[in-house]
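# Summary of structural features
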Amino acid sequence: MSARAWAELLRLPTLFTVPGDVLAGAAAVPGRPGGRTLLAAASSLCLYEAGMALNDWADREEDAVERPHRPLPSGRVRPAAALAAAGALTAAGLALAARAGRPALAVATPLAATVWAYDLVLKRTPAGPVAMAAARGLDLLLGAAATGSARGAVRRALPSAALLSAHTLAVTAVSRHETTGGAALPPLAALTTSGTLGLLLARELPAGRGAAPTPGLPGSAGARPRTGRPPLGTVLTAAYTALAARPYLHAALHPTPQLTQRAVAGGIRATIPLQAALCARAGAPVAALCTAALAPLAARFSRKVSVT
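The rules we used
Residues numbered from 1 in each chain as written. Predicted model: local features only at pLDDT ≥ 70, side-chain atom pairs only at ≥ 80, totals over all residues. Heavy atoms only, no water. Helix = DSSP H or I, 4+ residues; strand = E, 2+ residues; numbered from the N terminus. Buried < 20%, exposed > 50% of the residue type's maximum accessible area, 1.4 Å probe, protein only. Contact = heavy atoms within 4.5 Å. Areas by Shrake-Rupley, 256 points an atom, 1.4 Å probe, with all protein chains shown as cover. Phe/Tyr/Trp six-rings, centres within 6.5 Å; stacked < 30°, edge-to-face > 60°. Lys NZ or Arg CZ within 6 Å of the ring centre and 35° of its normal. Salt bridge = Lys/Arg side-chain N within 4 Å of Asp/Glu carboxyl O. Axes fitted to C-alpha atoms, helices over the stretch in contact; angles between N-to-C directions. Parallel < 35°, antiparallel > 145°, perpendicular 65-115°, else oblique. Left-handed = near helix turned anticlockwise from the far one by under 90°. Nonpolar A, V, L, I, M, F, W, Y, C, P; charged D, E, K, R; others polar. pLDDT = per-residue confidence, 0-100. Expected span 1.5 Å × (residues − 1). Core = buried A, V, L, I, M, F, W, Y, C linked by side-chain atoms within 4.5 Å. Polar contact = N/O pair within 3.5 Å; in protein donor to acceptor, adjacent residues only side chain to side chain.

## Topic: the overall build of the chain
Scanning the chain for helices and strands turns up 14 helices and zero strands. Overall, the chain shows an N-to-C arrangement of helices and strands of α-α-α-α-α-α-α-α-α-α-α-α-α-α. The buried share of the chain, reckoned over its 308 residues, is 49%. A separation of at least 24 residues holds for 78% of the contacts in the chain among residues at least 6 apart in sequence. As presented, the chain carries roughly 13,300 Å² of accessible surface, and 68% of it is formed by carbon and sulfur atoms.

Written out as structure tokens, the structure is:
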């Protein structure tokens, strides 16, 4: 079992789409990100990777026919090792969330349950895309729960969580046809969703720092009045829309397996500028830039490690 095989099993390049969930959640609530926010990010990474390992363990028989090159059907990683890794990563994720505080654990617990339910039961049911969307939304709320100290802090992050969940729902619906193709409606619906989210992101949202966002990281000192849409948010919103829309359009016009897979990959990559745009519109430009900086890293690693 080589390190490369494990990198493929855990989908290393897609790991860069995870920290932005917690940063967007932290940006949406009052409070200064600190050690608890970092613990929440570590918990999020562990739970995400648990889902990746469990996904391939649950799909090992199907992958033996459709994707024999994957680590489990090819024999490069033992199924028992993948299942053990999923269990260990889940336990680590929950332990880290507990260290981040009771509110964080209260979010991480249903998040872990959703991950396992999706991989083992819901994936091939109509509830599958909804479960995946719920997992992304909960991941964002995990960052809010760990960062916000005021009662009701998590509720202030719900609008951001809803936007991220809608994007994830669209991507997951398209992914259900990536091996067979032939379905034009899911990528068309995803194209409509990305356009709608772009319009919503372009609107002002009285969340996070409210009407007085602060420069730098969320919660930093020196509040200044909001004077309109920041250029950074506009740029990131445009980047999200462009990155998601083009492959969706191609897959809708020609729903072949190859173009559908490209649409899924494009939707996953678009998650990062979406997270960054959510940070920017909540008044956290540094968090937005840090999130956006993960995009080239994800692209670099995707050229070295297969995620299909």
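Structure shown, so let's carry the discussion forward.
## Section: the packing of aromatic side chains
If you walk through the whole model with that rule in mind, you get zero aromatic pairs. Above the ring of W57, the side-chain terminus of R60 is found at 4.3 Å from the ring centroid.

## Here's the deal with the pattern of salt bridges
Evaluation of the coordinates by the stated rule reveals twelve salt bridges. Linking D56 and R11 is a salt bridge whose minimum nitrogen-to-oxygen distance equals 2.8 Å. Within this pair, whereas D56 is found in helix α3 (residues 35–58), its partner R11 is found in the loop between α1 (3–9) and α2 (19–27), the two being separated by 45 residues in sequence. The salt bridge involving K123 is made with D119; its shortest N-O contact spans 4.0 Å. The burial state of K123 is the same as that of D119; both residues are buried. Residues participating in the shared-partner salt-bridge network are R11, D56, D63, R67, R70 and E178.

## Details of the packing of helix α10 (residues 185–201) against helix α11 (residues 231–253)
Two numbers describe how α10 lies on α11: the axes approach to 8 Å, and their chain directions differ by 165°. By the criterion of interaxial angle, the relationship of α10 to α11 is roughly antiparallel. The handedness of the crossing between α10 and α11 is left-handed. For the pair α10 and α11, contact is made by P187, L188, A190, L191, S194, L197, G198 and L201 and by T237, Y240, T241, A244, A245, Y248, L249, A251 and A252, respectively. A class-by-class count of the residues in the contact of α10 with α11 yields 13 nonpolar, four polar and no charged.

## Here's the deal with the environment of Y118
In this structure, Y118 sits in helix α6 (residues 102–122). Setting aside anything within four residues of it in sequence, one finds Y118 in contact with K123, G128, A131, M132 and T172.

## Let's talk about the confidence of the model for the chain
Predicted confidence across the chain gives a mean pLDDT of 88, with 88% of residues reaching 70 or more. For the chain, helix α14 (residues 294–302) is the element with the lowest average pLDDT, namely 85, and helix α5 (residues 79–99) is the one with the highest, namely 97.

## Description of helix α12 (residues 257–281)
An ideal rise of 1.5 Å per residue puts 36 Å on 25 residues; α12 measures up with 36 Å between its terminal C-alpha atoms. With 18 of 25 residues buried, α12 is to be regarded as a mostly interior element.

## Examining the nonpolar core
One finds L140 and L278 to be the most contacted residues of the largest nonpolar core, which totals 53 residues. Top element by residues in this core is α12. It accounts for nine residues. Contacts of L278, omitting those with residues within four sequence positions, involve A24, L140, S160, L163, L164 and L201. Judged by nonpolar contacts, the second largest core, of nine residues, contains A53, L72, A82 and A86.

## Notes on the environment of R156
When you line up the elements, R156 lands in helix α8 (residues 153–156). Assessed through its relative accessible area of 36%, R156 is described here as partly exposed. As for R156 and P30, which are separated by 126 residues in sequence, their C-alpha atoms are 9.0 Å apart.

## Structural notes on the side chain of S43
Within the secondary structure, S43 is located in helix α3. For S43, a relative accessible area of 0% puts it in the buried group. Every residue in contact with S43, bar those within four places of it in the chain, is listed here: G93, L96, A97, A108 and L142.

## Some thoughts on the side chain of K123
Residue position: K123 is located in the loop between α6 and α7 (128–147). Residue K123 is classed as buried on the basis of its relative accessible area, which comes to 10%. Here the side chain of K123 touches N55 through a polar contact of 2.5 Å, side chain to side chain. There is a polar contact of 2.9 Å between the side chain of K123 and the side chain of D59.

## Points about the environment of A287
By secondary structure assignment, the location of A287 is in helix α13 (residues 285–292). Each C-alpha atom of the pair A287 and A26 lies 9.1 Å from the other, and the pair is 261 residues apart in sequence.

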